[in-house]
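An overview of the molecular structure
Next come the chains, spelled out residue by residue.
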Amino acid sequence: MSRGLRTALILVAIALFCCCVAGLGVTLLGTSLIGRAFITNPDRIETIGRQIVDYEVPAGYEEMFAMDMVGVKMVAIGTSSVGADFMMIVLMQFSPRMEISREEVERQVEQALTRQIGLGNADWVSVGQEERIINGESVTMTVREGTTDYGEHLRQISGFFQGKGGPAMLIVTGESEAWDQAMVDSFIASIR
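This section reports on the structure supplied with the text.

The rules we used
Residues numbered from 1 in each chain as written. Predicted model: local features only at pLDDT ≥ 70, side-chain atom pairs only at ≥ 80, totals over all residues. Heavy atoms only, no water. Helix = DSSP H or I, 4+ residues; strand = E, 2+ residues; numbered from the N terminus. Buried < 20%, exposed > 50% of the residue type's maximum accessible area, 1.4 Å probe, protein only. Areas by Shrake-Rupley, 256 points an atom, 1.4 Å probe, with all protein chains shown as cover. Phe/Tyr/Trp six-rings, centres within 6.5 Å; stacked < 30°, edge-to-face > 60°. Lys NZ or Arg CZ within 6 Å of the ring centre and 35° of its normal. Core = buried A, V, L, I, M, F, W, Y, C linked by side-chain atoms within 4.5 Å. Contact = heavy atoms within 4.5 Å. Pairing = 2+ DSSP bridges. Arc of directions from axis to C-beta. Polar contact = N/O pair within 3.5 Å; in protein donor to acceptor, adjacent residues only side chain to side chain.

Moving on: the overall build of the protein chain. Helix and strand counts for the protein chain come out as five helices and seven strands. Along the protein chain, helices and strands appear, N-terminal first, in the series α-α-α-β-β-β-α-β-β-β-β-α. Burial statistics for the protein chain: of 192 residues in total, 51% are counted as buried. Carbon and sulfur atoms provide 51% of the accessible area of the protein chain, an area that totals close to 8800 Å².

This is the structure in structure tokens:
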């Protein structure tokens, strides 16, 4: 399977995850609704991203797409070129009226990544937690690693914090060999 196809499937999986978090089953959405939910206009993507939090897009990255539906806003930021160094940053914000639990969202993320990203199944293992300051608050970030059926080693860091309009979540996922910790640190520091 080509890396471009896998990347496209990753984006679809993240979109499907957002729909699950919002309480909508994939079977209720249908393919056409998901297709209309993707926002690809650069100005609209930036607007939705800035409704979640203010941040600086890392050098060599771009805002790829956004979603704004049923109380969930999301923006995906990825490397400009799809290759071995591909990493993806996802910022999500949930309506303050939504009752969500960290455990449920993390379970949904894990399911989306292991079943739907096109890399085959991945055996994810929590390898620790890191305390970070995001948007002025101390946040416990969960660090996971996994290996796909194709032998690719993945890494992920995720955590909840307060966004502009409600609870927000940051998820950074990428191949372990290409993991750019300096970029992750810089991006987290830019969130305000």
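Our next topic: the packing of aromatic side chains. Following the criterion strictly, the structure yields three aromatic pairs and no others. Residues tyrosine 55 and phenylalanine 187 carry aromatic rings whose centres are separated by 5.7 Å and whose planes lie at 55 degrees to one another, so their mutual orientation is tilted. Of this pair, tyrosine 55 sits in the loop between α3 (42–52) and β1 (61–69) while phenylalanine 187 is found in helix α5 (residues 181–190), placing the two residues 132 residues apart along the sequence. In this structure, arginine 50 is placed above the aromatic ring of tyrosine 55, and the distance from its NZ or CZ to the ring centre is 4.0 Å. The aromatic ring of tryptophan 179 is capped on one face by arginine 155, whose charged end is 5.4 Å from the ring centroid.

Turning to the nonpolar core, a few remarks are in order. By size, the foremost hydrophobic cluster in this structure holds 28 residues, and its most contacted members are Leu91, Phe161, Leu170, Phe187 and Ile191. Contributions of two or more residues to this core are made by α3, β1, β2 (72–79), β3 (87–94), β5 (137–148), β6 (153–162), β7 (167–175) and α5. Here this core takes four residues from α5, the largest share from any one element. Beyond its immediate stretch of four places on either side in the chain, phenylalanine 161 contacts Val53, Leu91, Ile134, Asn135, Glu137, Val139, Gly166, Pro167, Ala168, Met169, Leu170 and Ile191.

Before going further, it helps to examine the pairing of β1. The buried fraction of β1 amounts to seven of the nine residues, a majority that puts the element mostly inside the structure. For β1 and β2, the ladder comprises eight bridges, and the chain directions are antiparallel. Looking across to β2, one finds that methionine 67 is bridged to methionine 74. Counted between consecutive antiparallel strands, the loop separating β1 from β2 contains two residues, among which valine 70 sits at a positive phi close to 45 degrees.

This part takes up α3. Within the span of α3, buried status applies to Ile45, Ile48, Gly49 and Ile52. Mapping the buried residues of α3 onto a view down its axis gives an arc of 100 degrees, with all of them on the same face. The inward-facing, buried residues of α3 contact β1, β2, β3 and β7. The distance from a side-chain oxygen at the start of α3 to the backbone nitrogen of aspartate 43 is 2.8 Å, and the residue carrying that oxygen is asparagine 41.

Attention shifts here to the pairing of β3. Among the eight residues in β3, eight count as buried, and that is most of the element. In β3, alternate side chains face the same way, and those of Met87, Ile89, Leu91 and Gln93 on one face and Met88, Val90, Met92 and Phe94 on the other are all buried. The pairing of β2 with β3 spans seven bridges and is classified as antiparallel. Pairing of glycine 78 across the sheet is with methionine 88, part of β3. Looking at chain direction, β3 and β7 are connected through seven bridges and run antiparallel. Bridging across to β7, methionine 92 finds its partner in methionine 169.

So, about α5. Of the residues making up α5, those classed as buried are Met183, Val184, Phe187, Ile188 and Ser190. The arc that holds the buried residues of α5, viewed along the axis, is 160 degrees, so those residues lie on one side. Pointing more than 90 degrees away from the buried face of α5 are the exposed residues Ala182 and Ala189.

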